[in-house]
Amino acid sequence: MSARIFISRDSGALCVGAEEVARAFYKAFETRGLDVEIVRTGSRGMYWLEPLVEVAADKGRVGYGPVKAGDIDALLDAGMLEGKPHSLGIGVVDDYPWLESQTRLTFKNCGIIDPRSLEDYKAHGGYRGLAKALAVGPKATIEEVITSGLRGRGGAGFPTGIKWRTVADTQTQQKYIVCNADEGDSGTFADRMIMEGDPFVLIEGMTIAGIAVGATYGYIYIRSEYPDAIEAMEIAVREARKGGMLGRRIAGSEFDFDMEVRAGAGAYVCGEETSLLESLEGKRGEVRAKPPLPAHIGLFGKPTVINNVLSLATVPIIMSEGGPHYRDFGMGKSRGTMPIQLAGNIKHGGLYETAFGITLGALVDDIGGGTRSDRPVRAVQVGGPLGAYFPRALFDTPFDYEAFTAADGLIGHGGIVVFDDTVDMAKQARFAMEFCAIESCGKCTPCRIGSARGVELVDKIVAGDDAAANLIVLEDLCNTMKFGSLCALGGFTPYPVMSALTHFPEDFGAKKRLQAVE
Amino acid sequence: MPRHEPWDAERAGEIIARYRHLEGAGLPILHALQETFGCVPDEAVPLVAEALNLSRAEIHGTATFYHDFRKQPAGRRVLKLCRAESCQAAGGDALAARAEAKLGVAMGETTLDNRVTLEPVYCLGLCHSSPAAMLDKHVFGMLDEAKLDQLVKEAQA
């Protein structure tokens, strides 16, 4: 058997030169007359080590990273193909502490398998969840998902199984499964990683959802900023169809299920579920008022399950291992694991999947390794552009839906963006309003007008223009947006703004004003 | 060699015909038109409306709602710099200013020689390796001044 090495094709690896490294390896093997197979995988999520090159050795896969094309000769001379030590070596990848300390359920296969091979997916336990769902039937499948305690990973945290049951209970010929892959939150990339690294798990999850609720067709709506993910999903859908896992009588069962990939067009608000449905229907991505819920009147007016990528990609393991297995991880009402994404000014940027309950401080300081700039961490934004900024004083907050709500924040899609002490929090608050103004769909007034007024107010406060009075107006505006907006874009923009004001008042010219009063 | 074809109503009709059978064909058609012509020309709007049995206003509304769809073709290369929070935290603002200075254009503009369009993007999902950028469909991360300069040079080439 020829030797095998593994290099990621994940865009997080490509963006730091994985393609050049792969090409250089091909060339080096040719020059040296070596018969080595290069398998292109997804990423393990340890991005500071990308391009990470793994070698299949007797003791497991041995990793080297970050590898540059210029390192290859030295690596091969050092005996890389036998897994021998080198200064870039990290040992057996599965034993590497950053990875070993995680609980990988949703990301079990990501970075390990070939995302274009249905066979490889099946060889790593793929489609066991579907087999179970087919064996127990739709009703028991929904019960299993309810038992698991899985909540929507897109950010809202609504119990996935309950959503499914609502759709299953509707009496219509046509229902839809829609996967929300419009991952627009800064600081998040978990959906992208699944789609590029383990696309079949998402297809399997959607298929199980389809069987469970009686839907025969699904759409994956992927943002256009993710061309690599779109390509990966399109290839996987084709492969699954070819392999009988999509289409008529899937896997030889009595069920039909097929799906297609649709590309977004650069609108952040389309990550909001009703806006996404409008967009899929070919319209402006304007938010719908709820009720009616998409579960009753969704895509093309039909009952629709709309779930985030991570929610759907977690279903196969819930089915194959059982709901209780998943439920037994986590804390309180946050069950199972959360794929946490470490981003921004951070040493160890990447994906850390772990049970709910780990503290924010442990994630940022211990696992993230602090800032890349080696300066003190001053603030972290959790949950994307609509998430709150946390100061170090709140680093004991456990990663849990309820605990974050209690701290006036949200975990959202699980992204953590780290800022060092050079950050200007007034600027960040202004940006939150500015971003909302750019991306507002325009349907409701608090969001459309409020965000524009918000930018002006922050400017006035920082300039010291009647700051005390304008602070009161800003707070009032935030309340109007929070309670008066149709969706989370306008409704949650106050989180970053108010948290910046509450925890970092000194950045809003408060000191200057205090001095003036004295 | 120009990247895009000049406007041709017959060609547009072919493209529309290829996608009109889809449920919710609006976005796939607009994407395909832009892929071919580099933008969604005004002339295309009535054709799409006719094919989908919708009003021109509806198609115009859709085409202008999304950041992706252009009125005019972009420059030969499109350089997108991520301006979202994660890249801000890692020095993205300074790099954006540097790119503007190097190219002599502001965000959203195209160089006079039509070689490069510089655009902001709000997240490329490469936040683990901020600051990030995209040149056409190729992604770049862990940018610093030297890497950005190289990228700008490549875009201008």
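Residues numbered from 1 in each chain as written. Chains lettered and ligands numbered in written order. Predicted model: local features only at pLDDT ≥ 70, side-chain atom pairs only at ≥ 80, totals over all residues.

Side note on the overall build of chain A
In step 1: Each helix and strand in chain A was counted, giving 22 helices and 16 strands.
In step 2: Computed over C-alpha atoms, the radius of gyration of chain A comes to 24 Å, within 12% of the 24 Å expected from 2.2 N^0.38 for 518 residues, which places it in the range of a compact globule.
In step 3: Judged by the C-alpha coordinates and their principal axes, chain A covers about 80 × 60 × 40 Å.
In step 4: A burial count over chain A gives 58% of its 518 residues as buried.
In step 5: A separation of at least 24 residues holds for 73% of the contacts in chain A among residues at least 6 apart in sequence. (Helix = DSSP H or I, 4+ residues; strand = E, 2+ residues; numbered from the N terminus. Rg over C-alpha atoms; globule rule 2.2 N^0.38 Å. Buried ≥ 20, exposed ≤ 12 C-beta atoms within 10 Å, placed from the backbone. Contact = placed C-beta atoms within 7 Å.)

Some thoughts on the overall build of chain B
In step 1: Check the secondary structure of chain B and you find 7 helices and 4 strands.
In step 2: Mapped in sequence order, the helices and strands of chain B form the string α-α-α-α-β-α-α-β-β-β-α.
In step 3: By principal-axis analysis of the C-alpha atoms, chain B measures approximately 50 × 30 × 20 Å.
In step 4: Counting the 157 residues in chain B, one finds 42% classified as buried.
In step 5: A separation threshold of at least 6 residues defines the contact pool for chain B, and within that pool the share at least 24 residues apart is 58%.

A short note on the sheet that holds strand β3 (residues 133–135) of chain B
Residue and element names in this part refer to chain B.
In step 1: Spatial strand order, β2-β1-β3-β4: 4 strands in an open sheet with mixed pairing. One side of each edge strand has no neighbouring strand; the edge strands of this open sheet are β2 (116–121) and β4 (138–140). On average, each strand axis in the sheet is inclined to that of its neighbour by 20 degrees, with strand direction left out of account.
In step 2: Strand direction decides the pairing type here: strand β1 (residues 77–82) and β2, joined by 6 bridges, are parallel. (Pairing = 2+ DSSP bridges. Axes fitted to C-alpha atoms, helices over the stretch in contact; angles between N-to-C directions.)

Digging into the interface of chain A and chain B
In step 1: Between chain A and chain B, the residue contacts involve 47 residues of the former and 34 residues of the latter.
In step 2: Contributing elements (two or more residues each) for the side of chain A that touches chain B: α1 (11–14), β8 (258–263), α12 (273–280), β12 (337–344) and β16 (415–420) of chain A.
In step 3: Split into classes, the residues belonging to the side of chain A that touches chain B amount to 21 nonpolar, 18 polar and 8 charged. (Nonpolar A, V, L, I, M, F, W, Y, C, P; charged D, E, K, R; others polar.)

Overview of the domain arrangement of chain A
Residues and elements named next belong to chain A.
In step 1: You can read the domains of chain A as domain 1 (3–100), domain 2 (118–327), domain 3 (330–420) and domain 4 (425–517).
In step 2: Here domain 1 and domain 3 have C-alpha centroids that lie 30 Å from each other.
In step 3: Taken together, the contact pairs 5 residues of domain 1 with 5 residues of domain 3.
In step 4: Counted by class, the side of domain 1 that touches domain 3 contains 4 nonpolar, 1 polar and no charged residues. (Domains from an automatic or database assignment.)

Some remarks on the nonpolar core
Residue and element names in this part refer to chain A.
In step 1: Counting 214 residues, the largest nonpolar core has Val 178, Ile 222 and Val 380 as its most contacted members.
In step 2: The element best represented in this core is helix α10 (residues 199–213), accounting for 10 residues.
In step 3: Apart from the residues within four sequence positions on either side, Val 380 is in contact with Leu 360, Val 364, Phe 390, Ile 416, Val 417, Val 418 and Phe 419. (Core = buried A, V, L, I, M, F, W, Y, C linked by C-beta atoms within 7 Å.)

Digging into the packing of helix α9 (residues 190–197) of chain A against helix α11 (residues 227–242) of chain A
All names here are of chain A.
In step 1: Look at α9 against α11: their axes get within 8 Å of each other, and the N-to-C directions meet at 40 degrees. In terms of axis orientation, α9 runs oblique to α11. Crossing geometry of α9 relative to α11 is assigned as left-handed. Residues Arg 192, Met 195 and Glu 196 of α9 lie in contact with α11, whose contacting residues are Asp 228, Ala 229, Ala 232 and Met 233.
In step 2: Class assignment of the residues belonging to the contact of α9 with α11 gives a composition of 4 nonpolar, no polar and 3 charged. (Parallel < 35°, antiparallel > 145°, perpendicular 65-115°, else oblique. Left-handed = near helix turned anticlockwise from the far one by under 90°.)

Some points on the sheet that holds strand β7 (residues 217–222) of chain A
By definition, the strands of a sheet pair up through backbone hydrogen bonds, in either a parallel or an antiparallel sense.
Residue and element names in this part refer to chain A.
In step 1: Here 4 strands make up an open sheet; going across it, the order is β8-β7-β6-β9 and the pairing parallel. In this open sheet, the two edge strands, each paired with only one partner strand, are β8 and β9 (304–308). Ignoring which end each strand starts from, the neighbouring axes of this sheet average 20 degrees apart.
In step 2: In this sheet, β7 lies alongside strand β6 (residues 176–181) in parallel orientation, the contact comprising 6 bridges. Looking at β7, one finds that Ala 181 is bridged to Ile 222.
In step 3: The sheet contacts of α10 involve β6, β7, β8 and β9, and relative to β6 the element is tilted by about 150 degrees.

Focus on helix α21 (residues 494–503) of chain A
Think of an α-helix as turning once every 3.6 residues; residues three or four places apart then point the same way.
All names here are of chain A.
In step 1: Of all 10 residues that make up α21, 9 are buried, and the element is covered over most of its length.
In step 2: Three or more residues of α21 are buried, namely Pro 494, Tyr 495, Pro 496, Val 497, Met 498, Ser 499, Ala 500, Leu 501 and His 503.
In step 3: Those residues of α21 hidden inside the fold are in contact with β14 (377–382), β15 (389–391), α17 (425–439), α18 (445–463), α19 (467–484) and α20 (488–492).

Quick word on the packing of α10(A) against α11(A)
To describe two helices that pack against each other, one gives the angle between their axes and the distance between the axes.
All names here are of chain A.
In step 1: Between α10 and α11, the shortest axis-to-axis distance is 9 Å and the interhelical angle comes to 60 degrees. The angle between the axes of α10 and α11 places the two elements in the oblique class. The element α10 and its partner α11 pack so that their crossing is right-handed. In this structure, α10 uses Pro 199, Phe 200 and Ile 203 to contact α11, whose residues at the interface are Ala 232, Met 233, Ala 236, Val 237 and Ala 240.
In step 2: Tallied by class, residues from the contact of α10 with α11 come to 8 nonpolar, no polar and no charged.

Let's talk about the environment of Glu143(A)
In step 1: Residue position: Glu143(A) is located in helix α7 (residues 138–148).
In step 2: In the structure, Glu143(A) is positioned 310 residues away from Arg453(A) in sequence and 47 Å away in space, judged by C-alpha atoms.

What to know about helix α8 (residues 160–168) of chain A
In step 1: Of all the residues in α8(A), the buried ones are Thr160(A), Gly161(A), Lys163(A), Trp164(A), Val167(A) and Ala168(A). Down the axis of α8(A), the sector holding all buried residues measures 160 degrees, keeping them to one side. (Arc of directions from axis to C-beta.)

A word on unusual backbone geometry
In step 1: A cis amide bond links Glu50(A) with the next residue in sequence, Pro51(A), at an omega value of -5 degrees.
In step 2: Looking at where Pro51(A) falls in the secondary structure, it is placed in the loop between β2 (36–41) and β3 (53–57).
In step 3: In this structure, the amide linkage connecting Pro291(A) to the following residue, Pro292(A), adopts the cis form with an omega of 5 degrees.
In step 4: Positionally, Pro292(A) belongs in the loop between α12 and β9.
In step 5: Located in the positive-phi region is Tyr127(A), a residue other than glycine, with phi close to 70 degrees.
In step 6: Assignment of secondary structure puts Tyr127(A) in the loop between α5 (118–123) and α6 (128–136).
In step 7: The buried category is assigned to Tyr127(A), around which 25 C-beta atoms lie within 10 Å.
In step 8: Non-glycine residue Asn114(B) carries a positive phi angle of around 65 degrees.

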